[in-house]
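So the chains spell out like this:
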Amino acid sequence: MKTWLLGAIAALSLSAIAQAQQTLAQVKARGTLICGVSQGFAGFSAPDSRGEYRGLDVDYCRATAAAVLGDASKVRFVPLTAQARFTALQTGEIDVLFRNSTQTFVRATSLGLTQGPVNFYDGQGFAVRRDANVRNVAGLNGATICVAQGTTHELNLGDVFRARNLRFSPVVFERVDTMHEAFYAGRCDAMTQDASALAGALTSARDPAAYQVLEETISKEPLGPFTRNGDIQWTNTIAWIHGALIEAEEYGVTQANAQAQAAGQNPTIQRLLGTTGEFGKHLGLENGWALNAIRAVGNYGEIFERHVGQGSPLKLRRGLNGLWNQGGLMYAIPFR
Ligand SMILES: N[C@@H](CCC(=O)N[C@@H](CS)C(=O)NCC(=O)O)C(=O)O
């Protein structure tokens, strides 16, 4: 190949890499984080009655704004369908995707995107009418099932039902709100989504008591953030924010006591909250980045309880989302 052409290609790829690496700098220069979220999924990201976004994913966006910009309110939320979400990140429309997105091999290797840490371990479940007397997935043999387009659920459904010799007729929807309406109107015998999404959806059903979510799930749905490939600084930032929220829970650092704990004597907490060490500098942030995030939204356990836990309308148990030393999978890499 001609040398000038090789040079041009090298320059082009270098500029693509430079572009990809700039998210942290761009967010700081803009003064606002642009966060991709779902269009309306109670417990994870949905506007409340005053139009304010609320939920577990939303709190991750706010924690990021607090850590990076020192102000949890400096976020613009971009609601995205399942189908549009990855393109929005690839084209630079959003800085980070926090949208109940399952991490998979194919998504990790073919989208030009990087999967962050899992912030919610989920599984694909089914909602049915209580009076249908369906107890488990086998009871759905021959059923009509409502499913959303562009999701892992479409694929899992085919695989699992085929492997178990169960028949089903899918009814596929682009929008999740129309899917819910169709299910409530009786157009399908079951509706399938992440189990957390089903719990969230049923909170807004006209008669929630008429439905149940089956205990059985058919897949692993590790949900977490996505960033663009080649932007290791930004990807690290997103990963360590999650780490800080988990570590804070483990060490009893809460939204209410974080400021006082920063002045305390525990060396691990001092490093986490920036009282000692240069743990912000290594990320390109202020040393108090984790303190800012925790003061804004609390630790992981507080976020979980507020939006999806036993005291919330979703009433989910911690289960796999508990800390590692309490039977769950949430385990922070040491701040050391
Ligand atoms: N975790 C699955 C499903 C994610 C998903 O988009 N779920 C739909 C419903 S099945 C949803 O949350 N929709 C909410 C919305 O579009 O606002 C995936 O990553 O493919």
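These numbers come from a predicted model, not from an experiment.

All right, on to the site of the ligand then. As a matter of local geometry, the ligand sits amid 19 residues, with Gln 39, Arg 99, Asn 100, Thr 102 and Asp 194 nearest to it. A distance of 2.8 Å separates an oxygen atom of the ligand from a polar side-chain atom of Arg 99. At a separation of 2.8 Å, an oxygen atom of the ligand approaches a polar side-chain atom of Asn 100. Computed on the free molecule, the ligand has an accessible area of 500 Å², of which 98% lies beneath the protein chains in the complex. Those elements that place two or more of their residues in the shell around the ligand are helix 6 (152-163) and strand 11 (190-194).

On to the environment of Asp 122, then. Relative to the helices and strands, Asp 122 is located in strand 7 (residues 120-122). Classification of Asp 122 as buried rests on a relative accessible area of 13%. Along the chain, Asp 122 and Pro 222 lie 100 residues apart, while their C-alpha atoms are 5.8 Å from each other. When near neighbours in sequence (up to four residues on either side) are disregarded, Asp 122 contacts Asp 194, Ala 195, Ser 196, Ser 219, Lys 220, Glu 221 and Leu 223. A distance of 2.4 Å separates the side chain of Asp 122 from the side chain of Ser 196, its partner in a polar contact.

Glancing now at the domain arrangement of the protein. Under the domain assignment, the protein is made up of domain 1 (17-121 + 223-326) and domain 2 (124-219). A straight line from the C-alpha centre of domain 1 to that of domain 2 covers 29 Å. In total, domain 1 and domain 2 occlude about 1,100 Å² of area from one another, counting both sides; carbon and sulfur atoms represent 56% of this. When the area that domain 1 buries against domain 2 is broken down by residue, the three leading residues are Gln 39, Phe 41 and Gln 83, summing to 31%. Between the two partners, domain 1 and domain 2, sit 0 salt bridges. Linking domain 1 to domain 2 there are 2 residue pairs in polar contact (both at pLDDT 80 or more). Residues that form the side of domain 1 that touches domain 2 fall into these classes: 9 nonpolar, 5 polar and 3 charged.

Conventions used here
Residues numbered from 1 in each chain as written. Predicted model: local features only at pLDDT ≥ 70, side-chain atom pairs only at ≥ 80, totals over all residues. Heavy atoms only, no water. Near = heavy atom within 4 Å. Polar contact = N/O pair within 3.5 Å; in protein donor to acceptor, adjacent residues only side chain to side chain. Areas by Shrake-Rupley, 256 points an atom, 1.4 Å probe, with all protein chains shown as cover. Helix = DSSP H or I, 4+ residues; strand = E, 2+ residues; numbered from the N terminus. Buried < 20%, exposed > 50% of the residue type's maximum accessible area, 1.4 Å probe, protein only. Contact = heavy atoms within 4.5 Å. Domains from an automatic or database assignment. Buried area = accessible area lost by both parts, 1.4 Å probe. Salt bridge = Lys/Arg side-chain N within 4 Å of Asp/Glu carboxyl O. Nonpolar A, V, L, I, M, F, W, Y, C, P; charged D, E, K, R; others polar.

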